[in-house]
Amino acid sequence: MAVVEMRKLTVIGLNSSRTPFIHELMHLGVVEIDSNEGAINDEEWMPDIFRTSNSADVSRLEADISRVSTALEAIGKYDTAKKPLFPSRIKLDRGDFAKLMDSIKTETELNVDKAVETYKDIADRRTEINRLRGLIAGLKPWETLDIPLEMNETEHALVQLGAAPVKTDTVQMTADVQAAAPSVIVQEVSKDKQQKYYAFICLKEEKEQLLEALRPYNFSAVTLADQKGTATEAMHRYEKEIEKNEKNIAEDEEILKKLVAYREHIEFLYDSLMMRRDRARVVGDMVSTEMVFYFDGWAPIILLDEATASLDVENETL
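Predicted model, so just to flag it, every value in this text is computed and none were measured.

> Lay out the overall build of the protein in plain terms, naming residues and giving numbers.
A tally of regular secondary structure across the protein gives nine helices and nine strands. Looking at the protein as a whole, 36% of its 318 residues are labelled buried. Of the roughly 19,500 Å² that the protein leaves accessible, carbon and sulfur atoms contribute 52%.

Right, dumping it as structure tokens:
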């Protein structure tokens, strides 16, 4: 590996020209800036200098970068174009890039907003579909029960739903609960590999005796009173909601597919924000007095003349 000889620079400039100066410096890409921690902590310097705080600007730009990154992630899922083995980007000089950003910035930001909002809508709808499928799965054992789920009691009677292990002897359990609560009616609604599902109807005053008689059978009460109609009706209703959400997702996906055509412009916006964020960080790391800014840096010695000539600054080798 070749060793590049570096030269240390000390740069002092007027605060009024700091931002364009940093812009030019980063464009050249030949100077590595130190953080000047030594100057900040030096007792001789401390009374006169301060570090510019750009944390608000950096945070805002990072939020914008995150949003644009999300947009690129969203449309990238629907970009069916064949990807090259070694991806490349269009090269633009600084002037052409600035003109391009001026012409596409507003439209591109609107496309970013549309992509992010559409992507979020898809995620929200998929979450809702999963919730609805969970409700359907929870109702499946009660599919044959013809009692409205919200009717868990009347003036004198109550309906208690629940489950017990699949090995439960239904005949013996029925005998035990009827001995404890004579009014009870027992219905084995369904069963699966793990559990049997039961509906019990009895007088309200016998509720405690019923539950006590069920305790030895590891009975788990189930409450579905927040549902409406029978289990079959509720399941049908949820299936319809799933179909509606799936249709809306398909429409959203078509929007993202159309936005693929603007992917390159969104990538340019991402690059622009990254450069602005990096400049804001550098400016925030510099130390200043009321009139001037100051930093130390390092540049390859073979590019030192180019850097100092382009920036038109005094340099001092330390």
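> Which residues make up the packing of helix H5 (residues 170-180) against helix H6 (residues 207-214), and what are the values?
Contact geometry of H5 with H6 gives a least axis separation of 8 Å together with a crossing angle of 150 degrees. At the point where H5 passes H6, the crossing takes the right-handed sense. Side by side, H5 and H6 meet where Met 173, Asp 176, Val 177 and Ala 180 of the first sit next to Gln 209, Leu 210, Ala 213 and Leu 214 of the second. For the contact of H5 with H6, a count of residues per class yields six nonpolar, one polar and one charged.

> Give a detailed account of the pattern of salt bridges, specifying residues and quantitative values.
Taken as a whole, this structure holds 17 salt bridges when the rule is applied. Residue Arg 277 pairs with Glu 62 through a salt bridge whose shortest N-O separation is 3.6 Å. Here Arg 277 is found in helix H8 (residues 263-285), whereas its partner Glu 62 is found in helix H3 (residues 55-76), with 215 residues between them in sequence. For Arg 277, a relative accessible area of 11% translates into the label buried.

> Report on H5, specifying residues and quantitative values.
Listed as buried for H5 are Thr 170, Met 173, Thr 174 and Val 177. Looking straight down H5, one finds that the buried residues subtend no more than 100 degrees of arc, so they occupy a single side. Set apart from the buried face of H5 by more than 90 degrees, the exposed residues are Val 171 and Ala 179. Looking at the buried residues of H5, the elements they touch are strand E5 (185-191), strand E6 (195-203) and H6.

> So, the nonpolar core: which residues are in play, and what are the values?
Counting 45 residues, the largest nonpolar core has Ile 75, Leu 139, Trp 142 and Leu 256 as the members making the most contacts within it. Among the secondary structure elements, those contributing two or more residues to this core are H3, helix H4 (94-139), strand E4 (157-165), E6, helix H7 (231-259) and H8. Looking at this core, the element that brings in the most residues is H4, giving 11 residues. Other than its neighbours up to four places away in sequence, Ile 75 contacts Ala 115, Leu 256, Leu 259, Val 260, Arg 263 and Ile 266.

> Lay out the pairing of E6 with the relevant residues and their values.
In this structure, E4 lies alongside E6, joined through nine bridges in antiparallel fashion. The residue of E6 that forms the bridge with Gln 160 is Phe 200. Bridge count between E5 and E6: six bridges; the pairing is antiparallel. Pairing of Ile 185 across the sheet is with Ile 201, part of E6.

> Quick one: what's the story with the side chain of Asn 111, residue by residue and with numbers?
Assignment of secondary structure puts Asn 111 in helix H4. In this structure, Asn 111 is in contact with Leu 259 and Tyr 262, ignoring residues within four places of it in sequence.

> Outline the packing of aromatic side chains, supporting the account with residue identities and numerical values.
Summed over all chains, the structure comprises three aromatic pairs. Taking the centre distance of 5.6 Å and the plane angle of 80 degrees together, the rings of Trp 142 and Tyr 197 count as edge-to-face. One end of the pair, Trp 142, is in the loop between H4 and E4; the other, Tyr 197, is in strand E6, with 55 residues separating them in the sequence. Residue classification places Trp 142 among the buried positions, given a relative accessible area of 1%. With a centroid separation of 5.6 Å and an interplanar angle of 80 degrees, the aromatic rings of Phe 200 and Phe 219 are classed as edge-to-face. Here the residue Phe 200 occupies a position in strand E6, and Phe 219 occupies one in the loop between H6 and strand E7 (220-222), the gap between them amounting to 19 residues. Note on accessibility: Phe 200 and Phe 219 belong to one class, buried. Of the aromatic side chains, those joined through ring pairs into one cluster are Tyr 198, Phe 200 and Phe 219. The aromatic ring of Tyr 238 is capped on one face by Arg 237, whose charged end is 5.7 Å from the ring centroid.

Criteria and cut-off values
- Residues numbered from 1 in each chain as written.
- Predicted model: local features only at pLDDT ≥ 70, side-chain atom pairs only at ≥ 80, totals over all residues.
- Heavy atoms only, no water.
- Helix = DSSP H or I, 4+ residues; strand = E, 2+ residues; numbered from the N terminus.
- Buried < 20%, exposed > 50% of the residue type's maximum accessible area, 1.4 Å probe, protein only.
- Areas by Shrake-Rupley, 256 points an atom, 1.4 Å probe, with all protein chains shown as cover.
- Axes fitted to C-alpha atoms, helices over the stretch in contact; angles between N-to-C directions.
- Left-handed = near helix turned anticlockwise from the far one by under 90°.
- Contact = heavy atoms within 4.5 Å.
- Nonpolar A, V, L, I, M, F, W, Y, C, P; charged D, E, K, R; others polar.
- Salt bridge = Lys/Arg side-chain N within 4 Å of Asp/Glu carboxyl O.
- Arc of directions from axis to C-beta.
- Core = buried A, V, L, I, M, F, W, Y, C linked by side-chain atoms within 4.5 Å.
- Pairing = 2+ DSSP bridges.
- Phe/Tyr/Trp six-rings, centres within 6.5 Å; stacked < 30°, edge-to-face > 60°.
- Lys NZ or Arg CZ within 6 Å of the ring centre and 35° of its normal.

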